[in-house]
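# Structural overview
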Amino acid sequence: MVKLDEQPALRMSSTVIGAAKDDVVIGKRVHLDWIERSGAPMPVFRFDESQVPS
Amino acid sequence: MSVSSRNPAKDQVAIASAATTGFTAANTNRSQLSYAAEACVAALRAAGLTAADVDGIVGSANPAAPDLQQALGIPAVTYFANPPIPIVNQLSAAVGAVHSGLCNVALVYHASYRLPWNTGSAWKDPFRRGGMAGGATVAIPESVFGSPGYTAWASRYLYEFGGSREDFGLVAINDRSNAMRNPGAALREPLTMEGYLAARMVRYPLCMLDMDVAVDGGDAFVVTTTERARDMPLPPVLINAITLGMTGRPSETQTPSLREHGQQLVVESLKARSDFWIDDCDVYFPYDGFSIITLNWFENAGYCGPGEAGDFLRQHWNEASNSVLINGRVPVNPHGGALSEGASQGSGHLREAVHQLQGLSGERQVPGAKRAIVTAGGFFFNAQGSTLRVD
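Description of the structure in this document. Predicted model only: the values in this text are computed from it and were never measured.

A separate point is the overall build of chain B. Each helix and strand counted, chain B has 14 helices and 14 strands in total. Against the 2.2 N^0.38 benchmark of 21 Å for 391 residues, chain B shows a C-alpha radius of gyration of 19 Å, consistent with a compact globule. Seen along its three principal axes, the alpha-carbon backbone of chain B occupies a region of about 55 × 50 × 45 Å. Counting across all 391 residues of chain B, residues that qualify as buried make up 60%. Within chain B, residue pairs in contact and separated by at least 24 positions form 74% of the contacts whose partners lie at least 6 positions apart. Computed over 28 positive and 35 negative side-chain charges, the separation of the two mean positions in chain B equals 2 Å.

Right, let's talk about the packing of aromatic side chains for a bit. Residues and elements named next belong to chain B. Overall, the coordinates contain 12 aromatic pairs over all chains when judged by the stated rule. Here Tyr 150 and Phe 379 contribute two aromatic rings whose centre-to-centre distance is 5.3 Å and whose plane-to-plane angle is 55°, an arrangement assigned as tilted. With Tyr 150 in helix 6 (residues 147-161) and Phe 379 in the loop between strand 13 (371-376) and strand 14 (383-389), this residue pair connects regions lying 229 residues apart in the sequence. Note on Tyr 150: relative accessible area 7%, which makes it buried.

What follows deals with helix 1 (residues 32-46) of chain B. All names here are of chain B. The end-to-end C-alpha separation of helix 1 is 22 Å, in line with the 21 Å expected for 15 residues at 1.5 Å each. Regarding helix 1, the residues found buried are Gln 32, Tyr 35, Ala 36, Ala 37, Ala 39, Cys 40, Ala 43 and Leu 44. Just downstream of helix 1, Gly 48 is the residue with a positive phi angle, here 75°.

Attention shifts here to the interface of chain A and chain B. How big an interface is tends to be stated in terms of the accessible area lost upon association of its parts. Contact residues are listed per partner, giving 11 residues for chain A and 15 residues for chain B. Carbon and sulfur atoms supply 51% of the area that chain A and chain B bury against each other, a total of about 990 Å² over both sides. Three residues stand out in chain A for area buried against chain B, namely Met 1, Arg 11 and Ile 26 of chain A, and they jointly supply 61% of the buried area on that side. The tally of links between chain A and chain B comes to zero salt bridges. Across the side of chain A that touches chain B, the residue classes break down as five nonpolar, four polar and two charged.

Residue and element names in this part refer to chain B. Taken in spatial order, the nine strands of this open sheet run 3-2-4-7-1-8-14-13-9, and their pairing is mixed. A single partner strand is all that each edge strand has here, and the edge strands are strand 3 (79-81) and strand 9 (283-286). Across the sheet, the mean angle from the axis of one strand to that of its neighbour is 25°, orientation sign disregarded. Sheet topology note: the strand 8 (residues 237-245)/strand 14 ladder contains seven bridges and is antiparallel. Bridge assignment links Thr 243 to a residue of strand 14, and that residue is Gly 385. Lying over the sheet, helix 14 (residues 347-358) contacts strand 1 (13-20), strand 4 (105-112), strand 7 (217-225), strand 8, strand 9, strand 13 and strand 14, oriented at roughly 110° with respect to strand 1.

Okay, helix 6 of chain B next. Taking 1.5 Å per residue, 15 residues should reach 21 Å; helix 6 of chain B reaches 21 Å between its end C-alpha atoms and fits that length. Within helix 6 of chain B, burial applies to Pro 148, Gly 149, Tyr 150, Thr 151, Trp 153, Ala 154, Ser 155, Tyr 157 and Leu 158 of chain B. In this structure, the buried side of helix 6 of chain B is in contact with strand 2 (7-12) of chain A together with helix 7 (165-179), strand 5 (201-203), strand 6 (206-207), helix 11 (291-301) and helix 12 (309-315) of chain B. Following helix 6 of chain B by one or two positions, Gly 162 of chain B adopts a phi angle in the positive range, close to 70°.

We now examine the pairing of strand 8 of chain B. Residues and elements named next belong to chain B. Of all the nine residues making up strand 8, eight are buried; the element is thus mostly covered by neighbouring parts of the structure. Pairing of strand 1 with strand 8 involves two bridges; the strand directions are antiparallel. Bridge pairing in strand 8 places Ala 14 opposite Leu 238.

On a regular strand, each side chain points to the face opposite its neighbour's, so the side chains alternate between the two faces of the sheet. Residues and elements named next belong to chain A. Taken together, the two bridges between strand 3 (residues 16-17) and strand 5 (residues 40-47) define a ladder with parallel strand orientation. Along strand 5, the bridge assignment pairs Val 16 with Phe 45. Here strand 4 (residues 30-37) pairs with strand 5 via eight bridges, running antiparallel. Across the sheet, Arg 37 pairs through a bridge with Ala 40, a residue of strand 5. The turn linking strand 4 back onto strand 5 is made up of two residues, and Ser 38 within it adopts a positive phi angle of 50°.

For the rest of this paragraph, the subject is the nonpolar core. Residues and elements named next belong to chain B. Residues Phe 168, Tyr 284, Ile 292, Phe 298 and Tyr 303 are the most contacted members of the largest nonpolar core, which totals 49 residues. At the level of secondary structure, the elements contributing two or more residues to this core comprise helix 6, helix 7, helix 8 (193-198), strand 6, helix 10 (262-273), helix 11, helix 12 and strand 11 (323-326). With six residues, helix 11 is the single largest residue contributor to this core. The next biggest cluster of nonpolar side chains, apart from the first, holds 36 residues, and it includes Ala 18, Ile 239, Val 354 and Ala 369.

Moving on to the packing of helix 1 of chain B against helix 2 (residues 65-72) of chain B. Packed helix pairs are specified by the crossing angle of their axes together with the interaxial distance, meaning the distance between the axes. Residues and elements named next belong to chain B. Following both chains from N to C, one finds helix 1 and helix 2 inclined at 60°, their axes separated by 10 Å at the closest point. Accordingly, the angle class assigned to the pair helix 1 and helix 2 is oblique. Every pair of crossing elements has a handedness; the one defined by helix 1 and helix 2 is right-handed. The segment helix 1 lies against helix 2, with Leu 33, Ala 36, Ala 37, Cys 40 and Val 41 engaging Asp 67, Leu 68, Ala 71 and Leu 72. In terms of residue class, the contact of helix 1 with helix 2 is built from eight nonpolar, no polar and one charged.

This brings us to the side chain of Arg 351 of chain B. Residues and elements named next belong to chain B. With respect to the helices and strands, Arg 351 occurs in helix 14. Given a relative accessible area of 2%, Arg 351 falls into the buried group. Ignoring sequence-local partners within four residues, the contact set of Arg 351 consists of Ala 18, Ala 19, Thr 20, Phe 23, Asp 219, Phe 221, His 335 and Glu 341.

Parameters and conventions
Residues numbered from 1 in each chain as written. Chains lettered and ligands numbered in written order. Predicted model: local features only at pLDDT ≥ 70, side-chain atom pairs only at ≥ 80, totals over all residues. Heavy atoms only, no water. Helix = DSSP H or I, 4+ residues; strand = E, 2+ residues; numbered from the N terminus. Rg over C-alpha atoms; globule rule 2.2 N^0.38 Å. Buried < 20%, exposed > 50% of the residue type's maximum accessible area, 1.4 Å probe, protein only. Contact = heavy atoms within 4.5 Å. Lys, Arg positive; Asp, Glu negative; His and termini not counted. Charge placed at Lys NZ, Arg CZ, Asp CG, Glu CD. Phe/Tyr/Trp six-rings, centres within 6.5 Å; stacked < 30°, edge-to-face > 60°. Expected span 1.5 Å × (residues − 1). Buried area = accessible area lost by both parts, 1.4 Å probe. Salt bridge = Lys/Arg side-chain N within 4 Å of Asp/Glu carboxyl O. Nonpolar A, V, L, I, M, F, W, Y, C, P; charged D, E, K, R; others polar. Pairing = 2+ DSSP bridges. Axes fitted to C-alpha atoms, helices over the stretch in contact; angles between N-to-C directions. Core = buried A, V, L, I, M, F, W, Y, C linked by side-chain atoms within 4.5 Å. Parallel < 35°, antiparallel > 145°, perpendicular 65-115°, else oblique. Left-handed = near helix turned anticlockwise from the far one by under 90°.

Okay, here's the thing in structure tokens:
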């Protein structure tokens, strides 16, 4: 689940990319990115590199 | 948040009897209807009634009320409903119907059945594939619907309060130790903390033993006016208070926090309506569809503070029985709960509460049990509860 800086009370469930599964823990920062899935653009969240490793 | 204390149905409606088929953690060669029917017949017989005495039918989704009516040969009903699980949804509908006069004798049932969404073997069984109806859906990858939601909030629990998986394990061990004293329970092998920690991780931090065990089986109840129940063979179990609780953002993703969900509302509502609470409770039934739910129920019911449930269980652990005995006196889910008796969506909790108060629980009977609290359901959209007592 991703909390948005722009609207703190709103959460969305999404896919996090750019990190090992075990590194995706509560409190890590991510940013919006786009990938292609089945030929269509899909919003995902990319792990912020600056915080890897925590 | 303010709740009403109005409770004109208090003690006016009773559970006259309860019955179970027992549970099996395997795909049996029986239909879901057959389990519901068997439990209903047993409950009616225990209450000294026949099909012709029933004028209300309230069950979970499958079997639907018309199918159950037909199977049991119930001649006429003036009320029927199939509310969603867990069991307090069915019970509250029956209480309302009986108290309002929509019916006089409501047959309440829930049949548990291993379905394609919760076991691989059920998925491969063509007779079970049709069971996807009734609200169960398969989560899409970007969803935290259902089980993944509880793993997310279990992570949050550990993050906020710094507990450990051993806290969850105590819930599983308590259930298993209790199930060993319940011949109808699906899982009755002893469980140690080492065994719990070695169980297959499904999605951190919840492992196989944190999830209720999928079973085939059924429970049924006869609900009628207290006045009428007093003329039946068993001591009537009076419904002192009953409630559902759902707060403003009742979904896995938008639930504000572990301190703001349906459970707190249920507790506030029951305390406002009921004549007793945990200090006068002889046997406690917190739901345990996932172990994390149980820890939260202890905290929200007021047994301990937020994040303290693991320590609370350790403080009230009875080494001899390898289970929880609150203040050396009050057992918790003595039938084995959903984690070990079987995933009955609360019907096992309610049935055991009735049996305990009627003195029918055999070697696990709480001596002289007079008052029980059932807090069923989880965090988001299905928290609910009831306080039950006998004279």
